[in-house]
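# Summary of the model geometry
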Amino acid sequence: MTKFIELNVAEDDETKPLLVNMASIGRVFPNPQNDSKSIVELNYQSINDAPVYLEVEMPYEKLRLIFL
């Protein structure tokens, strides 16, 4: 069964909810510039072979607990 998580992703000056397949989430990092945000790395790459990162409007510890 495929599980999804709704993440509030920051893009430019706005925040929008995004459904992300939990199986496609790789690593989760604290944002070094803002304690109230986290960085989520996805397991796939963009068209130009660059890693895909999402800036999520959730503190790292809270986001990490969801995956435990």
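Preceding this section is the structure that the text describes.
Attention in this report is confined to the structure presented alongside it. (Residues numbered from 1 in each chain as written. Predicted model: local features only at pLDDT ≥ 70, side-chain atom pairs only at ≥ 80, totals over all residues. Heavy atoms only, no water.)

Inspection of every chain in the model, using the stated rule, returns five salt bridges. The residue Glu-57 makes a salt bridge to Lys-37 at a minimum N-O spacing of 3.4 Å. With Glu-57 in the loop between strand E5 (51-56) and helix H1 (60-67) and Lys-37 in the loop between strand E3 (25-30) and strand E4 (38-45), this pair connects stretches of sequence that are 20 residues apart. With relative accessibility at 17%, the residue Lys-37 sits in the buried group. Residue Arg-64 is joined to Glu-61 by a salt bridge in which the shortest nitrogen-to-oxygen separation is 3.4 Å. Note that Arg-64 and Glu-61 are positioned in helix H1 at a spacing of three residues, about one turn of the helix. Take Arg-64: its relative accessible area is 33%, and that puts it in the partly exposed class. Its relative accessible area of 44% is what places Glu-61 among the partly exposed residues. (Salt bridge = Lys/Arg side-chain N within 4 Å of Asp/Glu carboxyl O. Helix = DSSP H or I, 4+ residues; strand = E, 2+ residues; numbered from the N terminus. Buried < 20%, exposed > 50% of the residue type's maximum accessible area, 1.4 Å probe, protein only.)

Alternating residues of E5 divide into Val-52, Leu-54 and Val-56, all buried, and Pro-51, Tyr-53 and Glu-55, none buried. Here E4 folds back onto E5, and the loop between the two strands holds five residues, one of which, Asp-49, carries a positive phi near 60°. (Pairing = 2+ DSSP bridges.)

Take it as geometry only, folks, not as evidence of what the structure does.
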